[in-house]
Amino acid sequence: MPGALDGIKVLEVTQIIAGPMCGVMLSDLGADVIKIESAAGDGMRLLGQFAPHESKGYHVFNRGKRGIVLNLQNADGRAVVHRLIREMDVFLINARPGVPERLGIDYDSLRPLNPSLIYLENTAYGPSGPSAHRAGADIIAQAYSGLMAGDEKVDEHGGPDLITATTPADFAAAMTSSIAVCAALFHRERTGEGQKIDTSLLAGAMMLQNAFASRLPVSDAIMLQPVLDGLAAVRERGGSYREMLAAKGGIRALVGGAFLLYYGGYQTSDGAIMLGCVTPTNRNQVRDALGLGPDDDPTDSGDFNAMAEDSAEIVARVRALISERFAADTTENWVAKLDQAGAPAAQVNMPEEMVDDPQVQALGIMVDLEHPITGPETMVGPPFDMSATPTAARGSSPPLDGDTDEVLAQYGYSAEEIASLRASGAVGIGSG
Amino acid sequence: MPGPLDGIKVLELAQIIAGPFCGTALADLGADVVKLESPQGDASRRIGQFAPGESKAFHGLNRGKRGIVVDLSSTHGQSVAHRLIPQFDVFVTNVRPGVAERIAMDYDTLARLRSDLIYLEVTGYGTRGPSAQRAGSDVVVQAYSGLLAGDMKVDRRGAPEPITASAPSDYVAALGGAMGVCAALFHRQRTGEGQCISTTLLGAGLALQAPWAGDVPVSDAILIEPLRRMMAEMREAGATYAELIEARRSRPNQGRAFRIYYAGYPVKDGAIILGALTPQNRDQIRRALDIVDDPTDDDFNAIGPDAEAIVARIEEQIRAKLASGTMQEWMAKLDAVGAPASPVNWLEDMADDPQVAAMDMMPTIDHPLTGAERQVGPLVRMSKTTTGSDRASPPLDADTDAVLREHGFSDDEIGSLRSAGVIGADASG
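Residues numbered from 1 in each chain as written. Chains lettered and ligands numbered in written order. Predicted model: local features only at pLDDT ≥ 70, side-chain atom pairs only at ≥ 80, totals over all residues. Heavy atoms only, no water.

**Concerning the side chain of A:Asp155**
Counted only if it meets this: Note on conventions: DSSP H or I runs of at least 4 residues are helices, E runs of at least 2 residues are strands, and numbering of each starts at the N terminus. In this scheme, a residue with accessible area under 20% of its type's maximum is buried, one over 50% is exposed, and one in between is partly exposed, where area comes from a 1.4 Å probe on protein chains only. Within this scheme the basic residues Lys and Arg register as positive and the acidic residues Asp and Glu register as negative, but His and the chain ends are omitted. Think of a salt bridge as a Lys or Arg side-chain nitrogen and an Asp or Glu carboxyl oxygen that are within 4 Å of each other. By the criterion applied in these results, polar contacts are pairs of N or O atoms within 3.5 Å in which, for protein atoms, one can donate a hydrogen and the other can accept it, and in which residues neighboring in sequence qualify only through two side-chain atoms. It only takes one pair of heavy atoms within 4.5 Å for two residues to be counted as in contact.
Note on placement: A:Asp155 falls in the loop between helix H7 (147-150) and helix H8 (168-191). Buried charge without a salt bridge: A:Asp155, with B:Arg319 as the nearest opposite-charge side chain at an N-O distance of 4.6 Å. A polar side-chain atom of A:Asp155 sits 2.8 Å from the main-chain amide nitrogen of A:His157. Once residues within four sequence positions are removed from consideration, A:Asp155 is found in contact with A:Pro160, A:Asp161, A:Arg242 and B:Gly264.

Here it is, written out as structure tokens:
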């Protein structure tokens, strides 16, 4: 069965994560994705390079694509884009605002060549506003959007500690970009109309916090205003980040303390366990498994008041009790007991070991690919399945300049034309 | 302008984050989303409740929808849902595997009622495999997928800490689901065929770690295999979580030099983040900070014998420089050279941030019970099809009668369903 986007042609000028990952998603859905790189290649090729121009990060964020090298500073190189674009359905770019215009590949330049084109531009801060032209990266969006301070993590020097295990703003932007491209394809199928789509790392990071970012005056008067007042007071006297966190943290700990008893990690006799309870039913399941009665833990009873003076003390007492129980047995035994009770809990796995996890294998999440230069590899495949139009990883990432000749020939360039473009440095990595 | 999914009707049977946020994303694209709740309502109505059945989280994750209450634990309630289904294009659910079958809302049952239905199921671990039936929530799957350990955070009691205050696996599963629905609508438009889409929190957690979760033997032989062996040996010897994380943190790390310029530092009156990804970015930062003797870019061997001392020296220089000035001074210098940097902002301030305002990222909407509120708006803007919605989250049971009437139920039928307790909120709740 072909994928849902079978036959759809995507051209991308992207690098690092947000743009490239969008291309991977579209490729997983069946689109034919061609990645344009400069002769130096996507910057990601150099991050953790293990063979010339080949890094694990690049392999992951570019699997399933063909790769061509064009020199967009060169008028002939640009002309190649203008010739290819007529046969494309989708164009993806993540560059700083202003760069597409400078390279002659902005929406207004490409649309006359292909009026039904779907053009997606992802930037750090969005296409307009006071920060539109500033440089960005995932970590910048983490900081700017409040995500980092919202985590209330501080390093040993009093500096902010980032979310390191992944790049949340990049992924959020990549996924929203893919959703928008699919929605725009649906719209084009119904009406024939193409369009421009704008996404940003900032909007992606804001989305990840939509449950907390909102302003809701009725609720905020009680819960949020004291936080804002405390923060303002620390700022007024020029306080440090650590002091600001402390000023902000108090109320969250107070209000969220009881919730976090059953939504957080504990040590077991041989490792660690994570609880993820979001309902009173879940919390009762955990209490049952731990052998805790209503007298041991009053935090779910109707008369428990999280805002009352003694609530922190009660929460601390319950936490000590839960910690003690978990410390008395192994992770395996606790997970089995909690599974039995139906409560959400899991052992804390290490990412490098997930390839061999039986659940991951049962779902077929990891896919085996063969890279033309670096050989066999196992990658995280598409994150969802479709029954009529299966998602699938379509291949490995392209070597730099791997498919330039093939793609140009497919789109009508003769061997002579390709050779002369190569000789003039408009396409290909040249002798360097 | 209508949205790209204008006219598409979505029925959502979902709670907490992953399912509901998928519904919101579809609503932002113009779909008419009807949320079906049990008489007690979505559990997130009670997380941080500030009015009965109303919480900030529920408002943020359910804006743009209409809400109906049907008791699907009764066959009578199921028949109400079955009568609605033929008039819907998309069904979204995040109930545990097995539950949909038990309440006759599984794909096979619903596809018989509407053959071109697009059915999306979001589960914790997937619908098959040894963990399929286990309970999952974001933080649990963060733990299972390796995200928690990958973030290497340990709380002061030696236990693991969630990677973030947000729910990354939930959001990525929600977005993956919305993407699948849009692609499936495109496919249906071309072929007339509907289908079932499955997305999981586990797959989402792994996708978020794609660069680290993968196996590239040529590269892993040097960096990952020794780590795997070390972890296995330590576990064999009974190491604690805190010890395992400390060992991971202190292993030879190719990325350490990179991380000097991709990190947070305190300034006099707060904290600043540097986000350099390229040698050019690092040069810009060095210029802004007047750092002249940094050898970590040219042919620097990040796992060489002196690397650690050199990296520590440069890091200390950067730290001392930044600590000597204020946020405003440093941001002006870093912006002037074009370096990626940002103040560490507070989420509570973001509704009033000038960039957020300029992009209209937090529009004001009016909730029928709790009044005006500002919410994070649509994820994308599209030049020909509007995104976003001015509808707030539905109060429990707010639209039950209207939606049923619109889908062919008479007032008499609605009245008798209500008095039989098949539809409508739990009066005691």
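**Re the interface of chain A and chain B**
Counted only if it meets this: By buried area we mean the combined loss of accessible area, with a 1.4 Å probe, across both parts when two parts are placed together.
Each partner contributes residues to the interface: chain A has 159 residues there, and chain B has 159 residues. Where chain A abuts chain B, roughly 13700 Å² becomes buried across the two surfaces, and 65% of that area is made up of carbon and sulfur atoms. Together, A:Lys56, A:Arg215 and A:Glu352 form the three largest contributors to the area buried by chain A at its contact with chain B, with a combined 6%. Applying the counting criterion to the chain A and chain B interface returns 8 salt bridges. For A:Asp339, the salt bridge is made with B:Arg134, and the minimal N-O distance between the two is 2.8 Å.

**What to know about the pattern of salt bridges**
All names here are of chain B. Within this structure, the stated rule accounts for 57 salt bridges over all chains. Measuring nitrogen to oxygen at the nearest pair gives 2.9 Å for the salt bridge that ties Asp 297 to Arg 282. Taken together, the positions of Asp 297 in the loop between helix H14 (279-289) and helix H15 (307-323) and Arg 282 in helix H14 put the pair 15 residues apart, joining distant regions of the chain. Since its relative accessible area comes to 10%, Arg 282 is described here as buried. Put simply, Arg 418 and Asp 397 hold a salt bridge, and the shortest N to O gap is 2.9 Å.

**With respect to the pairing of strand S1 (residues 9-13) of chain B**
Residues and elements named next belong to chain B. What counts, and what does not: If DSSP finds at least two bridges between two strands, the strands pair.
For S1, a buried count of 4 out of 5 residues is recorded, marking the element as mostly surrounded by other parts of the structure. Judged from the 4 bridges that link them, S1 and strand S2 (residues 32-37) form a sheet pairing that is parallel. Directly across from Glu 12, in S2, lies its bridge partner Lys 35.

**A short note on the nonpolar core**
We apply this condition: To define a nonpolar core, start from buried Ala, Val, Leu, Ile, Met, Phe, Trp, Tyr and Cys residues and group those joined through side-chain atoms within 4.5 Å.
Judged by nonpolar contacts, the single largest core of 164 residues is most densely connected at A:Leu5, A:Leu26, A:Ile197, B:Leu5, B:Phe21, B:Leu26 and B:Leu202. Setting aside chain neighbours within four positions, we find A:Leu5 in contact with A:Leu26, A:Leu29, A:Gly30, A:Ala31, A:Cys182, A:Leu185, B:Ala183, B:Phe186 and B:Arg190. B:Leu36, B:Phe88, B:Leu110 and B:Ile423 belong to the second largest nonpolar core, which has 30 residues in total.

**What about the domain arrangement of chain B?**
Here is the rule we go by: Domains are outlined according to an automatic or database domain assignment.
Taken domain by domain, chain B comprises domain 1 (9-207 + 351-419), domain 2 (215-248) and domain 3 (252-344). The distance between the C-alpha centroids of domain 1 of chain B and domain 3 of chain B comes to 42 Å.

**A word on the sheet that holds strand S6 (residues 90-93) of chain A**
Read from one edge to the other, the open sheet built from 7 strands follows the order S5(A)-S2(A)-S1(A)-S6(A)-S7(A)-S8(A)-S14(B), with strand pairing classed as mixed. Of all strands in the sheet, those bounded by a partner on one side alone are strand S5 (65-69) of chain A together with strand S14 (381-382) of chain B. Relative to S5(A), strand S2 (residues 32-37) of chain A runs parallel, the two being bridged by 5 bridges. Pairing of A:Ile36 across the sheet is with A:Ile68, part of S5(A).

**Topic: the pairing of strand S7 (residues 118-123) of chain B**
All names here are of chain B. Of all 6 residues making up S7, 6 are buried, and the element is well covered by its neighbours. Every second residue of S7 is oriented toward a common face, with Ile 118, Leu 120 and Val 122 on one face and Tyr 119, Glu 121 and Thr 123 on the other, all of them buried. As judged from the 4 bridges shared by strand S6 (residues 90-93) and S7, these two strands associate in the parallel manner. Looking across to S7, one finds that Phe 91 is bridged to Tyr 119. With 6 bridges connecting them, S7 and strand S8 (residues 195-200) associate as parallel partners. When the bridges of S8 are listed, Leu 120 appears paired with Ile 197.

**Quick notes on the sheet that holds strand S10 (residues 270-275) of chain B**
Strands in a sheet are paired, the pairing made by backbone hydrogen bonds, and the direction either parallel or antiparallel. All names here are of chain B. Heads up, the rule is: To define axes, lines are fitted to C-alpha atoms, for helices over the stretch in contact only, and angles between the resulting N-to-C directions are given on a 0 to 180 degree scale.
Pairing in this open sheet of 3 strands is antiparallel, and the strands run S9-S10-S11 from one edge to the other. The two strands at the open ends of the sheet, each matched to only one other strand, are strand S9 (262-267) and strand S11 (341-343). Averaged over neighbouring strand pairs, the angle between their axes works out to 20° when direction is ignored. Bridging between S10 and S11 involves 3 bridges; their strand directions are antiparallel. Looking at S11, one finds that Ile 272 is bridged to Pro 343. H15 rests against S9 and S10 of the sheet, and its axis sits at about 40° to S9.

**Considerations on the environment of B:Asp170**
Residue and element names in this part refer to chain B. Position of Asp 170 among the secondary structure elements: in helix H8 (residues 168-191). Taking the C-alpha atoms as reference points, Asp 170 and Val 139, 31 residues apart in sequence, are found 9.1 Å from one another. Apart from the residues within four sequence positions on either side, Asp 170 is in contact with Ile 17, Ala 18, Asp 138 and Leu 201.

**Brief notes about the packing of helix H1 (residues 18-28) of chain A against H8(A)**
The packing of two helices is summarised by the inter-axis angle and the distance between the axes. Residue and element names in this part refer to chain A. So the rule is basically this: An angle below 35 degrees is read as roughly parallel, one above 145 as roughly antiparallel, one from 65 to 115 as roughly perpendicular, and any other as oblique. A clockwise turn of the near helix away from the far one marks a right-handed crossing, whereas an anticlockwise turn of less than a right angle marks a left-handed crossing. Any residue that is not Ala, Val, Leu, Ile, Met, Phe, Trp, Tyr, Cys, Pro, Asp, Glu, Lys or Arg is counted as polar, Gly included; the first ten are nonpolar and the last four charged.
With their axes 8 Å apart at the nearest point, H1 and H8 run at an angle of 45° to one another. As summarised for this structure, H1 and H8 are arranged oblique, according to the angle between their axes. Here H1 runs over H8; the crossing is right-handed. Contacts from Ala 18, Met 21, Cys 22, Met 25 and Leu 26 in H1 reach Asp 170, Phe 171, Ala 173, Ala 174, Met 175, Ser 177, Ser 178, Val 181 and Cys 182 in H8. Broken down by class, the residue content of the contact of H1 with H8 amounts to 11 nonpolar, 2 polar and 1 charged.

**So, the domain arrangement of chain A**
Residue and element names in this part refer to chain A. When its domains are assigned, chain A resolves into domain 1 (9-207 + 364-424) and domain 2 (234-263 + 272-347). Each of domain 1 and domain 2 has a C-alpha centre, and these two points are 41 Å apart. Each side of the interface is counted separately: domain 1 has 12 residues, and domain 2 has 6 residues. Surface buried jointly by domain 1 and domain 2 totals about 680 Å² across both partners, of which 52% is contributed by carbon and sulfur atoms. At the surface where domain 1 touches domain 2, the tally comes to 0 salt bridges. Applying the counting criterion to the domain 1 and domain 2 interface returns 0 residue pairs in polar contact (both at pLDDT 80 or more). Partitioned by chemical class, the residues of the side of domain 1 that touches domain 2 number 4 nonpolar, 4 polar and 4 charged.

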